[in-house]
Amino acid sequence: MNPEVSASDIAVLRAQLGREPRGLVAIAARCACGNPTVVKTSPRLPDGTPFPTLYYLTHPGAVGAVSTLEAVGTMREMQARLGEDPALAAAYRAAHERYLEERVAIEDVPEISGISAGGMPDRVKCLHVLVGHALAAGPGVNPLGDEALALIAESWRPDRCTCAAIEE
Ligand SMILES: [Zn+2]
C-alpha cells in the first residue's frame, strides 16, 4: 500500500464507509482537514472481484449532497446535453480514456477492459463516480464531475471542512 496512507486514514475510512476499505491503493483526494474524501481502489479486489470504480467517493457529506443532486434529475439533463454538445461529449470521452489509463497503470483486468464507471463515455449513470473523479483529478478533467461539484458547493465542498458535523 501507498506509504502516504496512514493508520488514521484507515480509521477515518472505516467510519465513513461503515466497513473496512477494500483494495485501497491510495488516498486520491482529501478534505481541507486532511480526512480522505476519495480513495483510489485496485481494479481487482483482494478476493479477486474486478472493481471498475478506480476513484470512490467516501466522504459522507459529499455522498449525501451528490445523492440529493441525483434525486432532482440532474443526470437526465446532463445525459441530454451529451447528445447535443459535441465539445462536451468529447471532453467526457477524454475523461473516460484518462480514467482507464490510470486504472490500467495499476493492473490490467481483462473482465473490465474498456469499461470505466459512472456511465462514461456516453451515459451519465452515477454522479458519485464523476464527482470522485473530479476531486481526484482536479478541475478540467471530468466536465460533468466538475459541474456536479459546483452544483453541490453550497452543501459540500472540499475546501470547507464539515467532517465534525457529520460525525455527530
Ligand atoms: Zn474535514
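For the structure, check the block above.
In short, a report on the structure. Counting restarts for each chain, with residues numbered from 1 along the sequence as it is written. Local features in a predicted model are, by the rule used here, given only for residues with pLDDT of at least 70; side-chain atom pairs are given and counted only at 80 or more, and totals for whole chains, interfaces and linings are based on all residues. Processing note: side-chain calculations cover all non-hydrogen atoms of the structure and skip hydrogens and water entirely.

1. Some words on the coordination of the zinc ion
Applied cut-off: In this listing, donors mean N, O and S atoms no farther than 2.8 Å from the metal, or 3.2 Å for Na, K and Ca; water is missing from the atoms, so a site can look incomplete. Only two sets of limits are used to name each site, 85 to 135 degrees for every angle of a tetrahedral four-donor site, and over 155 degrees for opposite donors with all other angles from 65 to 115 for a square planar four-donor or octahedral six-donor site, with any other site named irregular. Under the scheme used here, helices are H or I runs from DSSP no shorter than 4 residues and strands are E runs no shorter than 2 residues, and both carry numbers assigned from the N terminus.
Only Cys31 (SG), Cys33 (SG), Cys161 (SG) and Cys163 (SG) from the protein reach the zinc ion as donors, at distances of 2.3 Å. One can describe the donor arrangement at the zinc ion as tetrahedral, given that its 4 donor atoms subtend angles of 108 to 111 degrees at the metal. Donor residues for the zinc ion sit on one chain with the sequence pattern C-x1-C-x127-C-x1-C. Here Cys33 is found in the loop between β1 (24–30) and β2 (36–41), whereas its partner Cys163 is found in helix α7 (residues 163–167), with 130 residues between them in sequence.

2. What to know about empty space enclosed by the protein
As a reminder, the rule being used: Grid points spaced at 1 Å over the protein atoms alone were grouped into cavities, where a 1.4 Å probe fits but cannot get out, and pockets, open sets with protein on both sides within 12 Å along at least five of seven lines, with lining residues defined by an atom within 4 Å of a point. Grid points are joined across faces, edges and corners, and a volume is the space filled by probe spheres set on the points. Throughout this entry, Asp, Glu, Lys and Arg are counted as charged residues, while Ala, Val, Leu, Ile, Met, Phe, Trp, Tyr, Cys and Pro are counted as nonpolar. The remaining residues, Gly among them, count as polar.
Overall, the coordinates contain 1 cavity of 30 Å³ or more when judged by the stated rule. Looking at the largest cavity, its volume works out to about 80 Å³. Counted by class, the lining of the largest cavity contains 7 nonpolar, 1 polar and 2 charged residues.

3. As for the sheet that holds strand β3 (residues 55–57)
The pairing of strands in a sheet happens through backbone hydrogen bonds and is either parallel or antiparallel. Quick note on the threshold: Pairs of strands are assigned from DSSP output, requiring at least two bridges between the strands. Here the axes come from fitting lines to C-alpha atoms, over the contacting stretch only for helices, and the angles between their N-to-C directions go from 0 to 180 degrees.
The strand order across the open sheet built from 3 strands is β1-β2-β3, with neighbouring strands paired in antiparallel fashion. Each edge of the sheet is formed by a strand with only one pairing partner; in this case those strands are β1 and β3. Recorded for the sheet is a direction-independent mean angle of 30 degrees between the axes of neighbouring strands. Note: β1 against β2, 5 bridges, orientation antiparallel. By the bridge assignment for β2, Leu24 is matched with Thr41.

4. Let's talk about unusual backbone geometry
Residue Pro121 is reached from Met120 by a cis peptide bond, and omega for that bond is 10 degrees. Along the chain, the position of Pro121 falls in the loop between α4 (86–104) and α5 (127–137).

5. Some details on helix α6 (residues 143–151)
We count it as follows: Only protein chains enter the calculation, and the probe is 1.4 Å; a residue is then buried if its accessible area is under 20% of its type maximum, exposed if over 50%, and partly exposed in between. Note on contacts: a residue pair qualifies if any of its non-hydrogen atoms lie within 4.5 Å across the two residues.
Of the positions making up α6, those classed as buried are Pro143, Leu144, Gly145, Ala148 and Leu149. In this structure, the buried residues of α6 make contact with α2 (60–71), α3 (74–84), α4 and α5.

6. Description of the side chain of Asp9
When you line up the elements, Asp9 lands in helix α1 (residues 7–17). Contacts of Asp9, omitting those with residues within four sequence positions, involve Glu4, Ile27, Arg30, Gly34 and Pro36.

7. Here's the deal with the pattern of salt bridges
Test applied: Any Lys or Arg side-chain nitrogen located within 4 Å of an Asp or Glu carboxyl oxygen qualifies as a salt bridge.
Counted by the stated rule, this structure contains 8 salt bridges. With a shortest N-O distance of 3.0 Å, Arg98 and Glu102 are connected by a salt bridge. Note that Arg98 and Glu102 are positioned in helix α4 at a spacing of 4 residues, about one turn of the helix. For Arg98, a relative accessible area of 34% translates into the label partly exposed. Several salt bridges converge on common partners, so that one network encompasses Arg44, Glu107 and Glu111.

8. As for the packing of α2 against α5
Between two packed helices, the angle of one axis relative to the other and the distance separating the axes together describe the packing. To be explicit about the condition: Angular relationships are summarised with four words: roughly parallel below 35 degrees, roughly antiparallel beyond 145, roughly perpendicular across 65 to 115, and oblique for the angles in between. Here a crossing is taken to be left-handed if its near helix is turned anticlockwise relative to the far helix by less than a right angle, and right-handed if that turn runs clockwise.
At their nearest, the axes of α2 and α5 sit 9 Å apart, and the two run at 130 degrees to each other. Classified by the angle their axes make, α2 and α5 are oblique. Handedness of the crossing formed by α2 with α5: right-handed. Residue-level contacts link Val63, Val66, Ser67, Leu69 and Glu70 of α2 to Leu127, His128 and Val131 of α5.

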